Amino acid sequence: MSSPEQWTHPEPDAAPAATAAKPTAEQVIAGLRATDEGGADLVQLLTPEGERVQHPDFDIDITAEELRGLYRDMVLIRRVDREANALQRKGQLGIWVPLLGQEAAQIGAGRAMRPDDMAFPSYREHGIAWTKGVHPTELLGIFRGTDQGTWDPVERKFHPYTIVIGNQVLNAAGYAMGQKFDGKVGDDDGEATMCFFGDGATSQGDVHEGFVWAAVYDAPLVFFCQNNQWAISEPTERQSRLPLYQRARGYGFPGIRVDGNDVLATLAVTRWALEECRHGNGPILIEAFTYRMDAHTTSDDPTRYRLSDELELWKLKDPIERVKVYLVKQQWADQAFFAEIEAEADTLAEELREFCVNMPDPPAERIFSNVYAEGNPNLEAQRDEFLSYVSGFAGGEH
């Protein structure tokens, strides 16, 4: 992380500042390498080498069955992500938002939530959806352009995907304030809310408004920032002078940074944060320090703004491999288990593929549905004109 002095008082004859319109490749790599370990405040319980380490404030008792379950979650959701990415490349989806590399952050956080805890996602939280009981096939319509998601948000406690950057933070703050007003916090049976966003969203005003409202009303809200190092093509160091979790100080609530590639640490920290919120000690900001291993979306080309050695460095910190290594070391899983999970992943990918290619196209008039709560003469006239035009083609649906 570059220091404030570097940002505001560049040395004479120095290279372009990090805030320049186009930083050099060396500046980008140097800035990221300076923070690639997350700093001294990083909470980590499982190293990239698959070794358990102790932390003075956080620990977790995990059984073999529980860890195998977390491994299964991460493998399956990664396979879903890769299959959906391939479907987009084949023209079956209009766009896809990859989560590759962020499986531990999402599965760890998702499995920390209780059934009554509400989740507000952005557009990359396929792993959170999985933990909330939303089947991957229910996500496909969003990216195919046929629906806005087919699950019941109230039943699943999982809000629809939010495309507008940071807007879900305001929604989550309002929902959590409602939990507080309704007396649903203050004891072990209390409820909490989680809101998910990326490092780029922290530069949006909606996020900071959400911070203010949640802090003023002690809302039971966990802000979960997945810092994957890149806001599309902008590195984190060009968005903040401080580590993102330290921004919570300015709003008067705690912030903490966790190794987002460590599913055990993420699970432990998120459980703690949710318990604090349930008992009326919210809000809390978690910065999950992770890395986006793929493009921002399938319309993005990351080779235009980041170098391959950075990617290779983060491959060594793969969230799934460290769990696999630990399972083997503890003799909690054998080759038959891993083969079984791979076979299950193949079956899930086939199910996703078959569902996607056989999705029916919505009728032409669907585009005019739910634009207004009540009928509108202008819209109805536009609809009639459009349907008349479409009917002139063979088949009437082109």
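If you're wondering where the values come from, they're calculated on a predicted model, not measured in any experiment. (Residues numbered from 1 in each chain as written. Predicted model: local features only at pLDDT ≥ 70, side-chain atom pairs only at ≥ 80, totals over all residues. Heavy atoms only, no water.)

### Topic: the environment of Gly174
Okay, so step 1: Considering the arrangement of structural elements, one finds Gly174 in helix α8 (residues 167–181).
Okay, so step 2: For Gly174 and Gly210, which are 36 residues apart along the polypeptide, the C-alpha to C-alpha distance reads 8.3 Å. (Helix = DSSP H or I, 4+ residues; strand = E, 2+ residues; numbered from the N terminus.)

### Things to note about the packing of aromatic side chains
Okay, so step 1: Considering all chains together, one arrives at 25 aromatic pairs under this definition.
Okay, so step 2: Judged by centre distance (5.8 Å) and plane angle (85°), the rings of Tyr326 and Trp332 are edge-to-face.
Okay, so step 3: Lying across the ring of Trp314, Lys317 places its NZ or CZ 4.4 Å from the centre.
Okay, so step 4: Between the NZ or CZ atom of Lys324 and the centre of the ring of Phe338, over which it lies, the distance is 5.0 Å. (Phe/Tyr/Trp six-rings, centres within 6.5 Å; stacked < 30°, edge-to-face > 60°. Lys NZ or Arg CZ within 6 Å of the ring centre and 35° of its normal.)

### Focus: the packing of helix α3 (residues 64–89) against helix α13 (residues 335–357)
Okay, so step 1: The N-to-C vectors of α3 and α13 enclose an angle of 35°; their axes lie 9 Å apart at closest approach. Seen from above, α3 lies across α13 with right-handed handedness. Touching Arg68, Tyr71, Arg72, Val75, Leu76, Arg79, Val80, Glu83, Ala84 and Leu87 of α3 are Phe337, Phe338, Ile341, Glu342, Glu344, Ala345, Asp346, Leu348, Ala349, Leu352, Arg353 and Cys356, all from α13.
Okay, so step 2: For the contact of α3 with α13, the class distribution of residues is 14 nonpolar, no polar and eight charged. (Axes fitted to C-alpha atoms, helices over the stretch in contact; angles between N-to-C directions. Left-handed = near helix turned anticlockwise from the far one by under 90°. Contact = heavy atoms within 4.5 Å. Nonpolar A, V, L, I, M, F, W, Y, C, P; charged D, E, K, R; others polar.)

### Observations concerning helix α9 (residues 205–216)
Okay, so step 1: Relative to the 16 Å expected for 12 residues at 1.5 Å per residue, α9 spans 17 Å between its end C-alpha atoms, a close match to the ideal helical length.
Okay, so step 2: By the burial criterion, the buried members of α9 are Val207, Gly210, Phe211, Ala214 and Ala215. Seen end-on, α9 carries its buried residues on one side only, within an arc spanning 120°.
Okay, so step 3: Packed against the buried residues of α9 are α8, β2 (193–198), β3 (221–227) and β7 (284–289).
Okay, so step 4: After α9 finishes, the residue Asp218 shows a positive phi value of roughly 50°. (Expected span 1.5 Å × (residues − 1). Buried < 20%, exposed > 50% of the residue type's maximum accessible area, 1.4 Å probe, protein only. Arc of directions from axis to C-beta.)

### Remarks on a nonpolar patch on the surface
Okay, so step 1: On the surface, a nonpolar cluster with roughly 510 Å² of combined accessible area is contributed by Phe181, Val212, Trp213, Val216 and Tyr217.
Okay, so step 2: Looking at the nonpolar patch, the element that brings in the most residues is α9, giving three residues.
Okay, so step 3: Residue position: Val212 is located in helix α9.
Okay, so step 4: For Val212, a relative accessible area of 40% corresponds to the partly exposed category. (Patch = residues over 30% accessible without salt bridge, like charges linked within 9 Å, V, L, I, M, F, W, Y side chains within 5 Å. Areas by Shrake-Rupley, 256 points an atom, 1.4 Å probe, with all protein chains shown as cover. Salt bridge = Lys/Arg side-chain N within 4 Å of Asp/Glu carboxyl O.)

### Focus: the nonpolar core
Okay, so step 1: Counting 71 residues, the largest nonpolar core has Tyr71, Tyr161, Leu264 and Ile286 as its most contacted members.
Okay, so step 2: The biggest single contributor to this core is α3, with 10 residues.
Okay, so step 3: In this structure, Ile286 is in contact with Val222, Phe223, Phe224, Cys225, Ile256, Val258, Val269, Thr270 and Ala273, ignoring residues within four places of it in sequence.
Okay, so step 4: Counting 22 residues, the second largest nonpolar core, distinct from the first, contains Phe120, Ala176, Val207 and Cys225. (Core = buried A, V, L, I, M, F, W, Y, C linked by side-chain atoms within 4.5 Å.)

### A look at the confidence of the model for the chain
It should be kept in mind that the predicted coordinates are not to be read in detail where pLDDT is low.
Okay, so step 1: Summary statistics for the chain give a mean pLDDT of 90 and a share of 89% for residues scoring 70 or more.
Okay, so step 2: Every residue in residues 1–12 scores below 50 in pLDDT, and together they form 20 contacts with partners more than four places removed in sequence or on other chains.
Okay, so step 3: This model gives residues 14–20 a pLDDT under 50, and the stretch forms 11 contacts once residues within four places in sequence are excluded. (pLDDT = per-residue confidence, 0-100.)

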